[in-house]
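Inside the fold
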Amino acid sequence: MSFGEWIDRVEHCMVEGFCAPYFSYLNTIMKQLGKCLVVFVHLITIFIAITGFCVILPYEQRYQPLWLLAIYSVLGVYFLINIMYHYTKARLLPPLPGFGKSGDRWCVACQNWKCDRTHHCSVCRTCVLGMDHHCIWINQCVGNHNHRHFFLFISHLTLTGLMIVAAGGHSFYDHIFMFDHNYCNVQLDYAPLQGHICEFGELARNSIIFCYMLSFLLFLLVGGLALWNVYLISKGFTYVDYLKGWDGRPTGYRNPYHHGFVENWRNFLGLRRNRTFLRHVLLPSAHPPIILDQNGELEIGFQPLNTHASRSESDEMLV
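Rules and cut-offs
- Residues numbered from 1 in each chain as written.
- Predicted model: local features only at pLDDT ≥ 70, side-chain atom pairs only at ≥ 80, totals over all residues.
- Heavy atoms only, no water.
- Core = buried A, V, L, I, M, F, W, Y, C linked by side-chain atoms within 4.5 Å.
- Buried < 20%, exposed > 50% of the residue type's maximum accessible area, 1.4 Å probe, protein only.
- Helix = DSSP H or I, 4+ residues; strand = E, 2+ residues; numbered from the N terminus.
- Contact = heavy atoms within 4.5 Å.
- Disulfide = S-S within 2.5 Å.
- UniProt positions renumbered as here; feature names shortened; annotations may be inferred.
- Expected span 1.5 Å × (residues − 1).
- Pairing = 2+ DSSP bridges.
- Salt bridge = Lys/Arg side-chain N within 4 Å of Asp/Glu carboxyl O.
- Axes fitted to C-alpha atoms, helices over the stretch in contact; angles between N-to-C directions.
- Parallel < 35°, antiparallel > 145°, perpendicular 65-115°, else oblique.
- Nonpolar A, V, L, I, M, F, W, Y, C, P; charged D, E, K, R; others polar.
- Left-handed = near helix turned anticlockwise from the far one by under 90°.

Further remarks concern the nonpolar core. If you look at the biggest cluster of nonpolar residues, it comprises 38 residues, and the most contacted ones within it are Ile48, Ile138, Phe150, Phe151, Ile154 and Tyr183. Of all the secondary structure elements, the ones that give two or more residues to this core are helix H2 (20-59), helix H3 (66-92), helix H4 (147-167), helix H7 (203-234) and helix H9 (261-269). The element contributing the most residues to this core is H7, with eight residues. With near-sequence residues (within four places) excluded, isoleucine 48 lies in contact with Ile164, Cys211, Leu214 and Leu218. Grouped together as the second largest cluster of nonpolar side chains are six residues, Leu57, Leu69, Tyr72 and Phe79 included.

Here is the structure:
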């Protein structure tokens, strides 16, 4: 039995089998927990931003030149804007449902046909085209339509963690080992909130230590997730595709959606129709990575290799 058939059997058990009530209860818990985690992500983001801009960077003027701190500040604002923008998009932009035509695989949960590369999510209770996974941190599925925003969110979050670790090393060391040198007992020229923050006792010290350790943890864990996504995208996989063995190891079946490294990334980032990397990737952009033609079919870059036209013909069709 192939992995795809095994997934279909699991879906049937979750929807109509003896385990359906238990999975329904578990999915309801996950949905409600996801709402709490969305609030948690916003609170953590606000905490890191306030601690970084108001405590760590002002303290680092004792060790680093102002021009470097200014660069860190500009990068921090840039990362913060992209993190909040792409997180909001990944959370609110629903992935495409992926309903198919008569003769495709049948979804017992949706009672509808589902096209190739579509998987049913029992938490979201819908079929998702190009489903990668259900992410409890955004409280919905990561699929073709919002996968780009999810990837850019975790990428900017990783770079933010790296920047705080690199920029705040002196602050972390002083507030761990140097009790006579800390944010509240030194005179800082560019720290307008120093007096107000120091009214709360050990708040500054605890915030620096927690923010630094959290940033280091985010850099490792979220960075690992980002690198895993880089590998999958480069090979033309989603995580579900990888589990199904589209890399050829378990079943010998090769991924029909692998168009090559460059084309895979162009398709994933939506860099078609004269879109540029600077305007549509480095800067926040709401362009959809997938465009449907007048017949409701996916554009060429998202069709299997054995069904689409040559590259020259594809470029003509995308104009």
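Moving on, we get to the state of the cysteines. In total, this model carries one disulfide according to the counting rule given. Across a sulfur-sulfur distance of 2.2 Å, cysteine 184 and cysteine 198 are joined as a disulfide pair. Here cysteine 184 and cysteine 198 share a disulfide; its torsion about the S-S bond, -100°, makes the bridge left-handed. Of this pair, cysteine 184 sits in the loop between helix H5 (169-177) and helix H6 (194-198) while cysteine 198 sits in helix H6; the two residues are 14 residues apart in sequence, bridging distant segments of the chain. Its relative accessible area of 34% is what places cysteine 184 among the partly exposed residues.

Feature annotation in UniProt assigns "transmembrane region" (unreviewed entry) to the following positions: residues 36-59, 65-85, 150-173 and 207-228. Regarding residues 65-85, the helix share stands at 95% and the strand share at 0%, and the terminal C-alpha atoms are separated by 31 Å. The span residues 207-228 carries 100% helix and 0% strand; its end-to-end C-alpha distance comes to 31 Å.

Quick look at H3 now. With 27 residues, H3 extends 39 Å from end C-alpha to end C-alpha; this agrees with the ideal 39 Å at 1.5 Å per step. Every buried residue of H3 is listed here: Leu69, Tyr72, Gly76, Phe79, Asn82, Ile83, His86, Tyr87 and Ala90.

As a further point, take the pairing of strand S4 (residues 126-129). Sheet topology note: the strand S3 (residues 118-121)/S4 ladder contains four bridges and is antiparallel. The residue of S4 that forms the bridge with histidine 119 is valine 128. Connecting S3 to the antiparallel partner S4 that follows it, the hairpin turn spans four residues, and arginine 125 within it adopts a positive phi of roughly 60°.

The final tally for this structure, using the stated rule, is two salt bridges. In this structure, aspartate 174 and arginine 62 form a salt bridge, with 3.6 Å as the shortest nitrogen-oxygen distance. Highlighted residues: aspartate 174 in helix H5 and arginine 62 in the loop between H2 and H3, separated in sequence by 112 residues. The exposure class of aspartate 174 is buried, given its relative accessible area of 5%.

Quick look at the packing of H7 against H9 now. The contact between H7 and H9 brings their axes to 8 Å, and the two run at 110°. Here H9 runs roughly perpendicular to H7, going by the angle between their axes. Across the interface between the two elements, Val230, Ile233 and Ser234 of H7 pack against Phe261, Asn264, Trp265 and Phe268 of H9. Looking at side-chain class alone, the contact of H7 with H9 contains five nonpolar, two polar and no charged residues.

Another point: the packing of H5 against H7. For any two helices packed against each other, one specifies the crossing angle of their axes together with the interaxial distance. Close contact between H5 and H7 brings their axes to 9 Å; oriented N to C, the two are set at 130°. With respect to each other, H5 and H7 are oriented oblique. The chirality of how H5 crosses H7 is left-handed. Contact with H5, carried on its side by Gly169, Ser171, Phe172, His175 and Ile176, involves Arg205, Ile208, Ile209, Tyr212 and Met213 of H7 and no other residues of that element.

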